[in-house]
Amino acid sequence: MRWKYQMIQRLSGSSNSGTTHLRNHLMRCLKRSNFDVSQLLAAKRRKKDNTISLANISFDEGQRKEEYIKPTIIKFEQEHKKDDIISFGSSKFDQERSQLDLARMIILHGYPLSLVEQVGFKVFVKNLQPLFEFMPNSAVEISCIDIYRREKEKMYDMINKLQGRINLSIEMWSSAENSSYLCLSAHYIDEEWTLQKKILNFVTLDSLHTEDLLPEVIIKCLNEWDIDGKLFALTLDDCSIDDDITLRIKERVSEKRPFLSTRQLLDIRSAAHLINSVAQDAMDALQEVIQKIRESIRYVRSSQLVQAKFNEIAQHATVNTQKVLFLDFPVQWKSTYLMLETAVEYRSAFSLFQDHDPSYSSTLTDEEWEWATSVTGYLKLLVEITNVFSANKFPTANIYFPEICDVHIQLIDWCRSSDSFLSPMALKMKAKFDKYWSKCSLALALAAVLDPRFKMKLVEYYYSLIYGSTALDRIKEVSDGIKELFNAYSICSTMIDQGSALPGSSLPSTSCSSRDRLKGFDRFLHETSQNQSMTSDLDKYLEEPIFPRNSDFNILNWWKVHMPRYPILSMMARDVLGTPMSTLAPELAFGTGGRVLDSSRSSLNPDTREALICTQDWLRNESGDLNPSPIHSALPLLIE
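The name given to the protein in an unreviewed UniProt entry is Zinc finger BED domain-containing protein RICESLEEPER 1 isoform X2, with the source organism recorded as Vigna radiata var. radiata. Per UniProt, the comment on the protein under Subcellular location (unreviewed entry) is "Nucleus".

Following this line, the structure appears as structure tokens:
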């Protein structure tokens, strides 16, 4: 009878009573504490329908008991309500929710869709939740597309409610199968003055998409998101793209923006791609010397005996460096620079080494060592500048002007060299740079002027070094350019104030009252009467003292704070500073190749591929997961 009594006695769950009996119950009745019995019975019936049996992959029950970890006792504060305590025992499994969670996980982390068919994954899920019904690839794909559509609606609403304008970057991607893709990303500064980047489209290009059709593809994407009237700047990753392509896009977009000229729709080319291209020119010119240095290092490292002999000679030659010779990784030009820099420091040791080891046959002449030294100096500047560009995941446009001006000044100096090897190399680099400078110098300067630490003074300083006696004319071009753009924003602001344009819109309303024929006069009167105060907004900013330079200066926070003081100029600053002056992700900053999609994504159909890549970007931005492996450079799917 005592045994029966124990079976039906009530055990208290009060915090004043012991909890040992609860713990013992959990350990003895694991299934009852976690699952509803009816659901367990249903799961057993569904096992017969599974196409792949996992019966042979299981764990020994005795082993489970030994490895069972005692549940952690969770203590709640007295003031917590009873409803706040989650009852794991009464929770019911939700197949649909779990299926969506799985799809989101696959999207967010870039896992292949085939994950759901892998045996290891099935074993893990079976032991974690026996009720889960495994899905085929096709079902997961459908769930991913559903998530993409919902997230796209949210993204569409958010972008079209922005007060500022959109800057669009256009990047070309490829795959190991030689397929081509077009990635379009929106860059903007949101209402909290935070710089944002969102992938809008990932278009698969087929053989019919010739260069002439690219503008139509891009315009179609702009129309899809309804942002062609909000566009402020176009940034392309290739400096050699035909100007007719961007001109056709600008003309089409300008049809919806009558108050801005095609000149004011900025045409930008990626600064980081320019630096990479110029660095590659330098290394191409020095290719034979670089190959000799590689062979020299290989020989020195070929055996411990040779290495010891070389180290002894380096000591006698008073080589004053702690660096160790190493071979570069050719697809990363920074590693080639570091290899050259180290080899140049061992120059005297290599020169003596050839006298002590007749087997060493990769000797450099004194002239070749001089070339290597000069090119290493060129590359050092480019490495330092690229480090500045890649220091921030999404850098604002103001940081580029002084760096690009330094390259300009150095190229001018290098072109003056009398050396028959160095001068042609520098002239080739300068020709490439000049094409970039002709397109981007005004946009670079505008962004620098809108940095309160620089204003027009930085333009005056660098242009005097670059242009000499013609500097004043060039400075005036920048001054006129910023005034022209400011006036356009002033007119737009006037239209908004009078109710003929919506906030964030660049278009006046097409609806007007036919009876009020003097409505145009009202607008003219407002513009002319307010013109002086609007102009003073820019003048006031330029005439006030320059803000002191410091390392922790945040330009977006500065404009956020000063927005009430400069209402028109801050609108313009938001768009200019949000312009992407580079499209190369930090992790690919020194790469000699483009972005390459791996086979797991390139094998998908175009719609699914776009859905996975775009949604991954949106979910990572939403979760704040901006820096893990890959997305803005290459999703986990890319080969550098």
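Visitor: I'd like a description of the side chain of T321, backed by residues and values.
Guide: For T321, the position within the fold is in the loop between α13 (304-316) and α14 (333-345). When its relative accessible area of 15% is taken as the criterion, T321 is described as buried. Reaching out from T321, the side chain makes a polar contact with the backbone nitrogen of K323 at a distance of 3.1 Å. Within the structure, T321 has its side chain in polar contact with the side chain of E345 (distance 2.7 Å).

Visitor: Could you give an account of α13, with specific residues and numbers?
Guide: Taking 1.5 Å per residue as the helical rise, α13 with its 13 residues ought to reach 18 Å, and the 19 Å between its terminal C-alpha atoms agrees with that figure. For α13, every residue scored as buried is listed here: V306, F310, I313 and A314. Viewed along the axis of α13, the buried residues span an arc of 105 degrees, placing them on a single side of the element. Residues of α13 that are exposed and point over 90 degrees away from its buried face: Q304, L305, Q315 and H316. Buried residues in α13 make contact with α12 (287-300) and α15 (347-356). Immediately beyond the C-terminal end of α13, within one or two residues, lies T318, with a positive phi of roughly 55 degrees.

Visitor: Which residues make up empty space enclosed by the protein, and what are the values?
Guide: To locate leftover empty space, one rolls a probe as large as a water molecule over the atoms. In the structure shown here, the tally under the stated rule is 2 cavities of 30 Å³ or more. Approximately 270 Å³ is the volume attributed to the largest cavity. Contributing to the lining of the largest cavity are 24 residues, with K393, F394, P395, S582 and L584 lying nearest its centre. For the lining of the largest cavity, the elements supplying multiple residues, two or more each, are β3 (195-205) and α16 (366-389). Counting only domains with at least three residues in the lining of the largest cavity, you end up with domain 1 (166-270 + 594-623) and domain 2 (272-473).

Visitor: How would you sum up the pattern of salt bridges? Please name residues and give values.
Guide: Evaluated as defined, the whole model comprises 22 salt bridges. The salt bridge involving K292 is made with E368; its shortest N-O contact spans 3.2 Å. With a gap of 76 residues between them, K292 in helix α12 and E368 in helix α16 connect regions that are remote in the sequence. Three or more residues are tied together by salt bridges with common partners; here these are R104, E151 and K154.

Definitions and limits used
- Residues numbered from 1 in each chain as written.
- Predicted model: local features only at pLDDT ≥ 70, side-chain atom pairs only at ≥ 80, totals over all residues.
- Heavy atoms only, no water.
- UniProt positions renumbered as here; feature names shortened; annotations may be inferred.
- Helix = DSSP H or I, 4+ residues; strand = E, 2+ residues; numbered from the N terminus.
- Buried < 20%, exposed > 50% of the residue type's maximum accessible area, 1.4 Å probe, protein only.
- Polar contact = N/O pair within 3.5 Å; in protein donor to acceptor, adjacent residues only side chain to side chain.
- Expected span 1.5 Å × (residues − 1).
- Arc of directions from axis to C-beta.
- Contact = heavy atoms within 4.5 Å.
- 1 Å grid on protein atoms, 1.4 Å probe; cavity = no way out; pocket = protein on both sides within 12 Å on 5 of 7 lines; lining within 4 Å.
- Points joined across faces, edges and corners; volume = space filled by probe spheres on them.
- Domains from an automatic or database assignment.
- Salt bridge = Lys/Arg side-chain N within 4 Å of Asp/Glu carboxyl O.

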